[in-house]
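What follows is the residue order along each chain.
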Amino acid sequence: MHLLSITKVTQDIVLEGNKPAKEVAKSIGKPYSTLLREINPFDDNAKLGAETLMDILRATNEVKPLEYIARSIGYTLKPRTN
């Protein structure tokens, strides 16, 4: 069993989310192959940067990575109400 990581959670939303991965790559201005490498939790030489993560969150409209981060440091994420 693979332990969850922020990179794995992000990979899941890009590859299995509501928007095709190639569209996500185009939306964030990265080549598809570069994006796939950066979100690969098994590639120790590639890193997912904070800015790229933010771009992915915006492009996918997904909060699972934020929920993962919050839970891992003892917080709960809840939507802002206006």
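1. Some points on the pattern of salt bridges
Enumeration over the complete set of coordinates arrives at 4 salt bridges. One salt bridge in this structure joins lysine 30 and glutamate 38, with 3.0 Å as the shortest N-O distance.

2. A look at the confidence of the model for the chain
Per-residue pLDDT for the chain averages 93, and the proportion of residues at 70 or more is 96%. Taken element by element, the predicted model of the chain shows its lowest mean pLDDT in helix α5 (residues 64-72) (95) and its highest in helix α2 (residues 21-28) (98).

3. Notes on a nonpolar patch on the surface
On the surface, a nonpolar cluster with roughly 530 Å² of combined accessible area is contributed by Val63, Leu66, Ile69, Ile73, Tyr75 and Leu77. Looking at the element boundaries, isoleucine 69 is found in helix α5. Judged by its relative accessible area of 32%, isoleucine 69 is partly exposed.

4. A word on α2
All of the buried residues along α2 are Ala21, Val24, Ala25 and Ile28. Considered in projection along α2, the buried side chains sweep an arc of 100° and stay on one side of the axis. The exposed residues of α2 that point more than 90 degrees off its buried face are Lys22 and Lys26. Each element contacted by the buried residues of α2 is listed here: α1 (6-16), α3 (32-38) and α4 (50-60).

5. Digging into the packing of α1 against α4
At a minimum axis separation of 11 Å, α1 and α4 run at an interaxial angle of 30°. By the criterion of interaxial angle, the relationship of α1 to α4 is roughly parallel. Note that α1 runs across α4; the crossing there is left-handed. Mapping the contact onto sequence places Ile6, Thr10, Ile13 and Val14 in α1 and Leu53, Ile56, Leu57 and Thr60 in α4. Split into classes, the residues belonging to the contact of α1 with α4 amount to 6 nonpolar, 2 polar and no charged.

Cut-offs used in this document
Residues numbered from 1 in each chain as written. Predicted model: local features only at pLDDT ≥ 70, side-chain atom pairs only at ≥ 80, totals over all residues. Heavy atoms only, no water. Salt bridge = Lys/Arg side-chain N within 4 Å of Asp/Glu carboxyl O. pLDDT = per-residue confidence, 0-100. Helix = DSSP H or I, 4+ residues; strand = E, 2+ residues; numbered from the N terminus. Patch = residues over 30% accessible without salt bridge, like charges linked within 9 Å, V, L, I, M, F, W, Y side chains within 5 Å. Areas by Shrake-Rupley, 256 points an atom, 1.4 Å probe, with all protein chains shown as cover. Buried < 20%, exposed > 50% of the residue type's maximum accessible area, 1.4 Å probe, protein only. Arc of directions from axis to C-beta. Contact = heavy atoms within 4.5 Å. Axes fitted to C-alpha atoms, helices over the stretch in contact; angles between N-to-C directions. Parallel < 35°, antiparallel > 145°, perpendicular 65-115°, else oblique. Left-handed = near helix turned anticlockwise from the far one by under 90°. Nonpolar A, V, L, I, M, F, W, Y, C, P; charged D, E, K, R; others polar.

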